[in-house]
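What follows is the residue order along each chain.
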Amino acid sequence: MIQAASPRARLASTGRFSPPRVVTNAELETLVDTNDEWIRTRTGIRERRLADKDTGAADMAAAAARVAMERAGVEAEGIDMILLSTATPDRLLPSTACDVQALLGARNAAAYDYATACSGFLYGLSMAEAHITAGQAETVLVCATEKMSSIVDWTDRSTCVLFGDGAGATVVKRAEDGRGILSSYMKSDGTLAELLYRPGGGARIPLDIAVLDERSHFVKMAGPEVFKSAVRAMCEAAETALQRAGVTADEIDLLVPHQANIRIIEATAKYAKMPMDKVFVNVDRYGNMSSASIPVALDEAREQGRVGDGALVLMVAFGAGFTWAANVVRF
Ligand code: UT7
């Protein structure tokens, strides 16, 4: 079928890394005043993976990247650029992307981090496409890596049960045979930043004893308000990306949404008029891995044969900022 949009960049491969340690809802019951039933019914989460103290965001990104590079047949020297999404950089200076560059030995690559939270993987696809279209790169590694366990407050039941750790990666190259990114949509609204944020520990309120005492360096979220914005924004993003690609929801083989909450996923699917059997869900096994959620889900979907050659995939994300984004991709 001829697409209205003509792709300029494609996802040549995907890869993922999940830390081996599984933390069940039952285990969290021993930490905070919560219970398996509440977590399952309100979020759909049954368990999540947590990285150990010796595993950083860069380690997880490099592990996911190695898988994606091997599948794409790309050597470290062949990478022109590393774009890395994280809300949990290993250090505030320099970037985690540079640590990944060093771990991979990607000595010809430019490297930078960007901070668009849960929408990070999809923002990264657009940036990779732009760099390729501008002639600045031929092979771009997009990584999304999150050690959320390092920034959640393990005494706050309203947030600590929601998140997990992990990383995903993709090698983006010039489009071929009409396959690739058919449409992109990115949006933001910084007026709502304080509904999901880390108040202290940055340049405005540098880390000091008061920040530590108030625990204001940890993630704070106004859950119900974020929930409503997420549904609204993801529906808008899905609709716009479909329109821009010139395809209808019926033509989409698989919806891969951000995995924050099964109820948000179901609402988005319903609005997009997509049955749940065409929606990839793994929030039950990983919780919310922020920007790593979509690439991990996409990689699992490909491994399970749900994204074969020629498949049309819609990806939709929403996160802190607020930021939101969607892409339609022909594989
Ligand atoms: O990834 C980026 C974006 N993030 C999201 O999209 C997350 C969006 N928000 C959500 O997914 C949901 O709002 C939550 C899962 C965070 C919360 O679900 P909710 O249905 O909106 O619950 P709520 O915050 O309105 O809390 C309902 C009740 C409260 O008790 P009262 O006031 O009714 O007595 C909470 O204190 O549930 C209580 N509660 C808990 N109970 C047991 C909150 N957290 C827990 C918990 N265990 N972990």
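Residues numbered from 1 in each chain as written. Predicted model: local features only at pLDDT ≥ 70, side-chain atom pairs only at ≥ 80, totals over all residues. Heavy atoms only, no water.

Participant: Any chance you could break down the site of the ligand for me, citing the residues and the numbers?
Facilitator: Surveying the vicinity of the ligand reveals 24 residues, the closest of which are Thr34, Arg42, Arg157, Asn261 and Asn288. Between a nitrogen atom of the ligand and a main-chain N or O atom of arginine 157, the distance comes to 2.9 Å. In the complex, the protein chains occlude 73% of the 960 Å² of accessible area that the ligand would expose alone. Here the shell around the ligand gets 4 residues from one element, more than from any other, and that element is helix H8 (residues 223-245). For the shell around the ligand, the per-class residue count stands at 12 nonpolar, 8 polar and 4 charged. Residue-level mapping places the shell around the ligand at the junction of two domains, with at least three residues from each of domain 1 (9-178) and domain 2 (181-330). (Near = heavy atom within 4 Å. Polar contact = N/O pair within 3.5 Å; in protein donor to acceptor, adjacent residues only side chain to side chain. Areas by Shrake-Rupley, 256 points an atom, 1.4 Å probe, with all protein chains shown as cover. Helix = DSSP H or I, 4+ residues; strand = E, 2+ residues; numbered from the N terminus. Nonpolar A, V, L, I, M, F, W, Y, C, P; charged D, E, K, R; others polar. Domains from an automatic or database assignment.)

Participant: Which residues make up the packing of aromatic side chains, and what are the values?
Facilitator: By the definition in use, this model includes 2 aromatic pairs. On the numbers, 6.3 Å between centres and 35 degrees between planes, the contact of phenylalanine 318 with tryptophan 324 is tilted. With relative accessibility at 5%, the residue phenylalanine 318 sits in the buried group. Each member of the aromatic cluster is reached from another via a ring pair, and the members are Phe318, Phe322 and Trp324. (Phe/Tyr/Trp six-rings, centres within 6.5 Å; stacked < 30°, edge-to-face > 60°. Buried < 20%, exposed > 50% of the residue type's maximum accessible area, 1.4 Å probe, protein only.)

Participant: With reference to specific residues and values, describe the pairing of strand S5 (residues 110-114).
Facilitator: Looking at chain direction, strand S4 (residues 81-85) and S5 are connected through 5 bridges and run parallel. Each residue of the ladder has a partner; that of methionine 81, found in S5, is alanine 110. The parallel pair S4 and S5, bridged by helix H4 (residues 96-104), forms a crossover whose chirality is right-handed. (Pairing = 2+ DSSP bridges. Right-handed = clockwise from strand over helix to strand, strands pointing away.)

Participant: Describe the layout of surface pockets, with residues and values.
Facilitator: By volume, the second largest pocket is sized at about 230 Å³. Lining of the second largest pocket is provided by 14 residues; of these, Arg10, Leu11, Arg179, Asp309 and Phe331 occupy positions nearest its centre. Counting residues per element, the ones that place at least two in the lining of the second largest pocket are strand S1 (9-17) and strand S13 (323-330). The class makeup of the residues in the lining of the second largest pocket is 5 nonpolar, 2 polar and 7 charged. The two domains that each donate at least three residues to the lining of the second largest pocket are domain 1 (9-178) and domain 2 (181-330). (1 Å grid on protein atoms, 1.4 Å probe; cavity = no way out; pocket = protein on both sides within 12 Å on 5 of 7 lines; lining within 4 Å. Points joined across faces, edges and corners; volume = space filled by probe spheres on them.)

Participant: I'd like a rundown of unusual backbone geometry, residues and numbers included.
Facilitator: Here the bond from leucine 93 into proline 94 is cis, since omega is -5 degrees, no more than 30 degrees from zero. For proline 94, the position within the fold is in the loop between S4 and H4. Phenylalanine 322 follows glycine 321 through a cis peptide bond whose omega is -15 degrees. Among the secondary structure elements, phenylalanine 322 is positioned in the loop between strand S12 (312-319) and S13.

Participant: Can you break down the sheet that holds S4 residue by residue, with the values?
Facilitator: Spatial ordering of the open sheet is given by S1-S7-S6-S4-S5, a layout of 5 strands whose pairing is mixed. Two strands in the sheet have a free side with no partner beyond their single neighbour: S1 and S5. Each adjacent strand pair in this sheet contributes to an overall mean axis angle of 20 degrees, direction not counted. Looking at chain direction, S1 and strand S7 (residues 165-174) are connected through 8 bridges and run antiparallel. (Axes fitted to C-alpha atoms, helices over the stretch in contact; angles between N-to-C directions.)

Participant: Which residues make up the sheet that holds S12, and what values do they have?
Facilitator: Strands sit in the order S8-S13-S12-S11 across an open sheet of 4 strands; the sheet is mixed. Both outer strands of the open sheet, strand S8 (180-188) and strand S11 (254-257), are each paired with one neighbouring strand and no more. On average, each strand axis in the sheet is inclined to that of its neighbour by 10 degrees, with strand direction left out of account. Two strands pair when backbone bridges link them, and S8 and S13 are joined in this way by 8 bridges, in the antiparallel orientation. Bridge pairing links lysine 187 to tryptophan 324 in S13.

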